[in-house]
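Chain by chain, the residues run as shown.
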Amino acid sequence: MAGKVITITSGKGGVGKTTATANIGAALASSGKKTVCIDADIGLRNLDVVLGLENRIVYDLVDVVEGRCRLRQAMIRDKRMPELFLIPAAQTRDKNAISPSDMVKVCDELREEYDFIIIDSPAGIERGFRNAIAPADQIIIVTNPEVSAVRDADRIIGLVEAEEKGPALLVINRLNLGMVQRGDMIAAEDVLELLAIDLIGIVPEDEAVIVSTNRGVPIALEEKSKSGQAFRNIASRLNGDAVPFMDLGADSSFLNRISKFMRSGGD
Amino acid sequence: MKNVVGGRLGSKHKSASMAKERLQLVLIHDRANLPQGVMEALRDELIEVISRHVDVDSSAVRIDIAQDGREQRLVADIPLRAPKRPSR
């Protein structure tokens, strides 16, 4: 089996990388794909709490790289979704404990047995980011419809292209439709026009994400949640399914642009 | 009643439009990564070189960065001066 390595990154912190990683991972796993989520944010571990698996950590990614345990020993299986695994970050070390080639080695081993390896990148453009993108087959950039997040996303897109890891795909997270309609939030089509890359999903702003994170249950597992549905749609598109985009107030030319991606998207 | 300062004067003054316009300018500069003054230097040197061969209207020369998707290109608009009637 040749699993696909997908790195979730953003440049700016706080846009929802970890939430996106947890939910795309959970959605892929609950659709039956064998999925491993890796927390590459060494020293600022968080994917474990978002997934609700923080009490089960014994070994972490740095233990694997430094040979203190086998890869399987650092993989925590989620009891709610038997196809979902987490490799947590070390909390007491920093980014320099791991190199890009360590990440490539770990992912090459995982590729043989798993369908998807989803890497949660740290914010920034330094070593931690380099580590996270090194093994990627596909990079997903998460942004919010705000000036600072869009600007940083543009910078990351440039870096991804320079590393010949492009073209990246875009997730627009926390879109507030009411604010867009009032003219007080940049519309999804404008973000897309500014960044000029293909879209893989739009996630509406949703208080329920905070509630589900409080509980340690990914929102993607909640059938009726709109943001959960948005994450499930992203997972389906990564699987190569042509899922129509939700109506989030976009105009028809915008939807045409997306359907262009739908025709070429997926493999 | 909305006053002129605080009121909304059409979509151009909505904050989302301002954000988009500001980002368009910021991204051009971020992507091109040109140090201050490079555009002016380019303009002056282009005028100098081209003037050696043809007469240009140097006050009307424009050098811009145009965007095409994520690609950028330098676009120079260099108007020529009307040729003078050769004097004999």
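About the thresholds
- Per-chain numbering applies: the sequence of each chain, read as written, is numbered from 1 onward.
- For this description, chains carry letters from A and ligands carry numbers from 1, given in the order in which they are written.
- Only residues with pLDDT of at least 70 get local features here, since the model is predicted, and only at 80 or more are side-chain atom pairs given and counted; chain-wide, interface and lining totals rely on the full set of residues.
- Contacts are defined on C-beta atoms placed from the backbone: any two residues whose C-beta positions lie within 7 Å are in contact.
- Every helix listed is a DSSP run of H or I at least four residues long, and every strand listed is a run of E at least two residues long, numbered separately from the N terminus.
- Side-chain classes are defined by residue name, with Ala, Val, Leu, Ile, Met, Phe, Trp, Tyr, Cys and Pro counting as nonpolar, Asp, Glu, Lys and Arg as charged, and the others, Gly among them, as polar.
- Between the first and last residue of a helix there are one fewer steps than residues, each counted as 1.5 Å, and that sum is the expected span.
- Here a residue counts as buried when 20 or more other C-beta atoms sit within 10 Å of its C-beta, as exposed when there are 12 or fewer, and as partly exposed otherwise, the C-beta atoms being derived from the backbone.
- Note on pairing: two strands pair once DSSP finds at least 2 bridges between them.

Contact residues are listed per partner, giving 14 residues for chain A and 16 residues for chain B. Where the side of chain A that touches chain B is concerned, the elements lending two or more residues are α6 (147-162) and α8 (188-195) of chain A. Ranked by residue count, the leading element in the side of chain A that touches chain B is α6(A), at 6 residues. Residue composition of the side of chain A that touches chain B, grouped by class: 7 nonpolar, 2 polar and 5 charged.

Right, let's talk about helix α10 (residues 226-238) of chain A for a bit. Residues and elements named next belong to chain A. For α10, which comprises 13 residues, the first-to-last C-alpha distance of 19 Å matches the rise-based estimate of 18 Å (1.5 Å per residue) to within 8%. Most of α10 sits inside the fold, with 10 of its 13 residues counted as buried. Of all the residues in α10, the buried ones are Ser227, Gly228, Ala230, Phe231, Arg232, Asn233, Ile234, Ala235, Arg237 and Leu238. Tucked inside the fold, the buried residues of α10 contact β1 (4-9), α1 (17-30), β7 (169-175), β8 (198-204) and α9 (207-215). A positive phi of about 95° marks Gly240, the residue just after α10.

All names here are of chain A. Of all 7 residues in β8, 5 are buried, a share of seventy percent or more. Where β7 meets β8, 6 bridges bridge the pair, whose relative direction is parallel. Each bridged residue has a counterpart across the sheet, and for Asn173 the counterpart in β8 is Val203.

Without other data, these values stay purely geometric and don't point to any function.
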